[in-house]
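Residue-level structure breakdown
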Amino acid sequence: MRLILMGPPGAGKGTQARHVADHFGIPAISTGDIFRANVSAGTELGVEAQRYMDAGEYVPDEITNRMVRNRIDEADAEPGFLLDGYPRTLAQVEELDGMIRHTGHALDAAVVLTVDPEELVQRLLQRARTEGRADDTEDVIRRRQQVYREQTEPLIDVYRERKVLVEVDGMGSVDAVTERIFAALDDVPQS
Ligand code: ADP
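We now turn to the structure provided with this report. (Residues numbered from 1 in each chain as written. Predicted model: local features only at pLDDT ≥ 70, side-chain atom pairs only at ≥ 80, totals over all residues. Heavy atoms only, no water.)

Turning our eyes to something else, we now look at the pattern of salt bridges. Counted under the stated rule, the structure contains 16 salt bridges. Measuring nitrogen to oxygen at the nearest pair gives 2.5 Å for the salt bridge that ties Arg160 to Asp157. Here Arg160 pairs with Asp157, and both are found in helix H8 (residues 154-161), just three residues apart, close to one helical turn. A relative accessible area of 38% means that Arg160 is categorised as partly exposed. (Salt bridge = Lys/Arg side-chain N within 4 Å of Asp/Glu carboxyl O. Helix = DSSP H or I, 4+ residues; strand = E, 2+ residues; numbered from the N terminus. Buried < 20%, exposed > 50% of the residue type's maximum accessible area, 1.4 Å probe, protein only.)

For the rest of this paragraph, the subject is the sheet that holds strand S1 (residues 2-6). The strand order across the open sheet built from five strands is S2-S3-S1-S4-S5, with neighbouring strands paired in parallel fashion. Each of the sheet's edge strands pairs with one partner strand only, and the pair in question is strand S2 (28-30) and strand S5 (165-169). On average, each strand axis in the sheet is inclined to that of its neighbour by 20 degrees, with strand direction left out of account. Where S2 lies against strand S3 (residues 81-84), three bridges are found, and the strand directions are parallel. Looking at the pairing, Ser30 lines up with Asp84 of S3. (Pairing = 2+ DSSP bridges. Axes fitted to C-alpha atoms, helices over the stretch in contact; angles between N-to-C directions.)

Further remarks concern empty space enclosed by the protein. In this structure the tally under the stated criterion is one cavity of 30 Å³ or more. Its volume calculated, the largest cavity comes out at about 60 Å³. For the largest cavity, the full set of lining residues is Leu5, Met6, Gly7, Lys13, Gly85, Tyr86, Pro87, Arg88, Tyr148 and Thr152. Elements supplying a minimum of two residues to the lining of the largest cavity: S1 and helix H7 (138-152). The class makeup of the residues in the lining of the largest cavity is five nonpolar, three polar and two charged. (1 Å grid on protein atoms, 1.4 Å probe; cavity = no way out; pocket = protein on both sides within 12 Å on 5 of 7 lines; lining within 4 Å. Points joined across faces, edges and corners; volume = space filled by probe spheres on them. Nonpolar A, V, L, I, M, F, W, Y, C, P; charged D, E, K, R; others polar.)

Listed below in structure tokens is the structure:
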């Protein structure tokens, strides 16, 4: 099973990614988590990525693509994977196409979580209070939402045209959303 999980910042991608990946026995690969781990560890990649993340901007495609390629090449991703937070630009879509083609498989579904804009801001401000993520300040939250609208929302149409888009209502409890994702993916044929 090869899946991507999309949605605006605050849509609950990270939470749902773990549930869905466990269910299908595939790794959840979160570019945001990998970047944050590198920032904490002070690696070269982390040093490079941090200034973009702190500003709410996307890390440049070359850096992100290379990181995802290396991760997908690991043995645990051979049966499949769920990408959380990648691709986010049209250039990343093309790059991912190449990576998957290389394995002889196809993308099975692009799941997009839809959530009311006001609810998104509330969730992110709540997360700022409980987790204290560096990029959860109000200004940076707004910038991340703008970048999402400009650069990532257009990807939804791309996947819709390819007939792999699965739109899921992301409002309500975590469990309710997980159940909706499972129900929607039940109908998807696996490559
Ligand atoms: P969010 O909840 O805002 O979607 P993530 O945890 O997924 O946050 O990502 C945090 C930050 O990591 C992003 O704001 C961005 O700077 C960087 N990042 C994550 N994924 C990508 C990507 N595919 N391309 C470029 N930058 C990315």
